[in-house]
Structures are given as structure tokens and as C-alpha cells.
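# Breakdown of the fold
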Amino acid sequence: MSTSIRVRDVMISPSPYVKHHTPLGEVVDILLRNRVMGLPVVADGGTVVGFVSEQDCIHSMLVSSYHCEGAPNVDDVMHNEVLAVSPEQNIVDLAQNMGKNKPKLYPVIDDGKLVGLITRSAILSALWENRATCDMQ
């Protein structure tokens with residue numbers, strides 16, 4: 001197996017993201033339009049300040065739609081602690097971490113700025129393609 005496949009080789013770039021204070025309805029629209037399970041939350045300077053998942057949105061939408069009150073925004077539901085990876089990280093190492101920690105995707109950050117999004121599907125696809133080369137040998 002080739003161990004030289006890096007996150008930068010398979011990440012989604014540019015990454016979909018949402019900005020601070022984005023209304024939750026817009027967050028849901030961006031999630032659905034981009035077919036991802038979560039999004040980095042970015043401040044005006046371009047730094048990642050949070051992460052919001054489909055699950056976070058579902059919970060908030062249940063509460064706000066059931067009671068028909070409030071207009072939540074991303075700041076109300078996002079996680080402030082962001083698990084992120086470097087574009088230079090090896091996908092084999094990342095795949096092993098995903099097995100332990102079970103996140104489905106990670107923001108890819110370089111020099112403090114968002115440069116991409118890496119999904120479990122992208123890693124699986126890259127590993128599968130790499131496996132196919134084993135059969136050719």
C-alpha cells in the first residue's frame with residue numbers, strides 16, 4: 001500500500017463553510033446543498049472557530065419547530081472545540097484515528113486557515129483505489 005497519500009490529495013477544496021452568526025436555516029441549506037454531515041464555522045478573518053453537524057441542527061430544529069419560538073443561529077449550536085487535520089497528514093494515520101474517535105469529517109487547516117474538508121467517504125475511496133493497485137501487481 002502506498003503510504004504517501006496525503007489529506008491534500010483527497011480533500012474537498014474549497015471547503016463549504018458557514019460564518020459566525022449564520023441563521024440555522026441557512027446552515028441547514030448549505031449542509032443539504034453540499035451533501036456533507038457537518039461544516040466548519042469561520043470567523044471574519046478566515047480562522048475556524050467552531051464546527052456544526054447535522055445532528056446539532058436536528059436537535060435545535062426539533063426544539064425551535066416544536067415550540068415555534070426563537071430563531072437560532074450557528075453560534076447557538078456549534079461546537080467550539082474543533083478536531084482539525086493538516087493537509088500534509090497521511091490518510092492512513094487519519095483513517096486509524098477515525099476508527100478510534102469516530103468523526104465523519106474534519107476541517108483541513110493550514111497556517112490557521114481553512115483550506116479544505118476531508119470526509120470519511122473520501123478516505124474510503126482513496127483507500128479503495130489504492131487497494132485496486134495491489135490487485136494489478
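Everything numeric here is computed off the predicted structure, so don't read it as measured data.

### Looking at a nonpolar patch on the surface
A contiguous nonpolar patch, built from Ile58, Leu62 and Val63 and spanning about 290 Å² of accessible area, is present on the exposed surface. Secondary-structure assignment places Ile58 in helix H3 (residues 54-67).

### As for the side chain of Ser53
Of note, Ser53 is situated in strand S3 (residues 48-53). Owing to a relative accessible area of 16%, Ser53 belongs among the buried residues under this scheme. Look past the residues within four positions of Ser53 in its chain and what remains in contact with it is Leu31, Met37 and Gly38.

### Quick notes on the layout of surface pockets
By volume, the largest pocket amounts to about 450 Å³. If you go around the largest pocket, you meet 17 residues; those closest to its centre are Phe51, Ser53, Pro103, Lys104 and Leu105. When contributions to the lining of the largest pocket are tallied by element, the ones reaching two or more residues are S3, H3 and strand S4 (105-110). When the residues that make up the lining of the largest pocket are grouped by side-chain class, the tally is eight nonpolar, four polar and five charged.

### Regarding the pairing of S4
Sheet analysis places S4 next to strand S5 (residues 113-119), joined by six bridges and oriented antiparallel. Note that in S5 the partner of Tyr106 across the bridge is Ile118.

### What about the pattern of salt bridges?
Summed over the entire model, instances satisfying the criterion amount to four salt bridges. Its salt-bridge partner being Glu88, residue Arg8 comes within 3.0 Å of it at the nearest N-O pair. On the criterion of sequence distance, the pair formed by Arg8 in helix H1 (residues 7-10) and Glu88 in the loop between helix H4 (74-77) and helix H5 (91-101) is long-range, its members being 80 residues apart. Accessibility expressed as a relative area gives 43% for Glu88, which makes it partly exposed. A salt bridge links Asp44 to Lys19; the shortest N-O distance between them is 3.7 Å. Of the two residues, Asp44 sits in the loop between strand S2 (38-42) and S3 while Lys19 sits in strand S1 (residues 18-19), which places them 25 residues apart along the sequence. For Asp44, a relative accessible area of 73% translates into the label exposed. Residue Lys19 is classed as partly exposed on the basis of its relative accessible area, which comes to 36%. Within this structure, Arg8, Asp9 and Glu88 form a network of salt bridges that share partners.

### Points about the nonpolar core
Judged by nonpolar contacts, the single largest core of 16 residues is most densely connected at Val18, Val27, Leu39, Val52 and Val74. Those elements that provide at least two residues to this core are helix H2 (24-34), S2, S3 and H4. Those residues within four positions of Val52 in sequence are excluded, and the remaining contacts are Val18, Val27, Gly38, Leu39, Val41, Cys57, Val74, Val77 and Met78. Counting 13 residues, the second largest nonpolar core, distinct from the first, contains Met11, Val85, Val108 and Ala126.

Parameters at a glance
- Residues numbered from 1 in each chain as written.
- Predicted model: local features only at pLDDT ≥ 70, side-chain atom pairs only at ≥ 80, totals over all residues.
- Heavy atoms only, no water.
- Patch = residues over 30% accessible without salt bridge, like charges linked within 9 Å, V, L, I, M, F, W, Y side chains within 5 Å.
- Areas by Shrake-Rupley, 256 points an atom, 1.4 Å probe, with all protein chains shown as cover.
- Salt bridge = Lys/Arg side-chain N within 4 Å of Asp/Glu carboxyl O.
- Helix = DSSP H or I, 4+ residues; strand = E, 2+ residues; numbered from the N terminus.
- Buried < 20%, exposed > 50% of the residue type's maximum accessible area, 1.4 Å probe, protein only.
- Contact = heavy atoms within 4.5 Å.
- 1 Å grid on protein atoms, 1.4 Å probe; cavity = no way out; pocket = protein on both sides within 12 Å on 5 of 7 lines; lining within 4 Å.
- Points joined across faces, edges and corners; volume = space filled by probe spheres on them.
- Nonpolar A, V, L, I, M, F, W, Y, C, P; charged D, E, K, R; others polar.
- Pairing = 2+ DSSP bridges.
- Core = buried A, V, L, I, M, F, W, Y, C linked by side-chain atoms within 4.5 Å.

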